[in-house]
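So the chains spell out like this:
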Amino acid sequence: MATGETATVPLVILTDGSGRFLPIFIGIWEAVSINSAKNREVLPRPFTHDLFLDLCTKFSITLRSLQIDSVEDGVYYAQLVFVNNRHEEYLDCRPSDGIALALRGDVPIFVEETVLAAAAQKNEDLPQVVDLMAFLQK
């Protein structure tokens, strides 16, 4: 969660391991879903992202990766890459939904170099953050 003088907003911070960080602001429910996937929580009832992957499994569709491929006016665009019978399909998605699915499916998340060049920040430039679980317990 990014905190400021006026608001607290959920965000995901991706890194390429070279000191560049990509902050992506997301909704609270997507943050809860991503946090659940990150912690490998098994809930009594599936989240929508779990249901989506279960549906893919039932129809022999495999999630291969998430590609965050552009940013325009601070809005990130992404595509999920699926495979069915050796045929690759791309599905437009919000990066937050894609991240929740990629974590659940244990597939890589790729970010285009042009996106990193345009929007990546150094650690010291990131907003002040609070862990989601600490925030929710307040």
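Report follows, based on the coordinates. Nothing here was measured: the structure is a model prediction, and the numbers come from that model.

Comments concerning the environment of L126
Then comes step 1: Inspection of the secondary structure assignment puts L126 in the loop between α4 (113-119) and β9 (128-129).
Then comes step 2: Each C-alpha atom of the pair L126 and L22 lies 8.9 Å from the other, and the pair is 104 residues apart in sequence.

Let's talk about helix α1 (residues 28-38)
Residues separated by three or four positions in an α-helix point in the same direction, a consequence of the helix having 3.6 residues per turn.
Then comes step 1: Restricting attention to buried positions, one finds in α1 the residues E30, A31, S33, I34, N35, S36 and A37.
Then comes step 2: Positioned one or two residues after α1, R40 has a phi angle of 55 degrees, which is positive.

Quick word on the pairing of strand β5 (residues 62-72)
Then comes step 1: In this structure, β5 lies alongside strand β6 (residues 75-84), joined through nine bridges in antiparallel fashion. Directly across from L66, in β6, lies its bridge partner L80.
Then comes step 2: In this structure, the hairpin formed by β5 and β6 is closed by a connection of two residues, where D73 is found at a positive phi of approximately 50 degrees.
Then comes step 3: Judged from the three bridges that link them, β5 and strand β8 (residues 109-111) form a sheet pairing that is parallel. Bridge assignment links Q67 to a residue of β8, and that residue is F110.

Focus: the sheet that holds β5
Then comes step 1: Taken in spatial order, the four strands line up as β7-β6-β5-β8 in an open sheet, and their pairing is mixed. Whereas interior strands pair on both sides, the edge strands pair on one side only; in this sheet they are β7 (87-93) and β8. Across the sheet, the mean angle separating the axes of adjacent strands is 25 degrees when strand polarity is ignored.
Then comes step 2: Sheet strands in contact with helix α3 (residues 95-105) are β5, β6, β7 and β8, and its direction is about 155 degrees off that of β5.

Examining helix α2 (residues 48-58)
Then comes step 1: Among the residues of α2, H49, L53 and C56 are the ones counted as buried. Buried residues of α2, seen end-on, are gathered within an arc of 55 degrees and therefore sit on one face of the element. Structural note: α2 exposes T48, L51 and K58 on the side pointing more than 90 degrees away from its buried face.
Then comes step 2: Buried positions along α2 lie against α1, β5, β6 and α3.
Then comes step 3: Within two residues after α2, S60 carries a phi angle of roughly 55 degrees, on the positive side.

The rules we used
Residues numbered from 1 in each chain as written. Predicted model: local features only at pLDDT ≥ 70, side-chain atom pairs only at ≥ 80, totals over all residues. Heavy atoms only, no water. Helix = DSSP H or I, 4+ residues; strand = E, 2+ residues; numbered from the N terminus. Buried < 20%, exposed > 50% of the residue type's maximum accessible area, 1.4 Å probe, protein only. Pairing = 2+ DSSP bridges. Axes fitted to C-alpha atoms, helices over the stretch in contact; angles between N-to-C directions. Contact = heavy atoms within 4.5 Å. Arc of directions from axis to C-beta.

Limitation: the analysis is restricted to geometry and does not speak to function.
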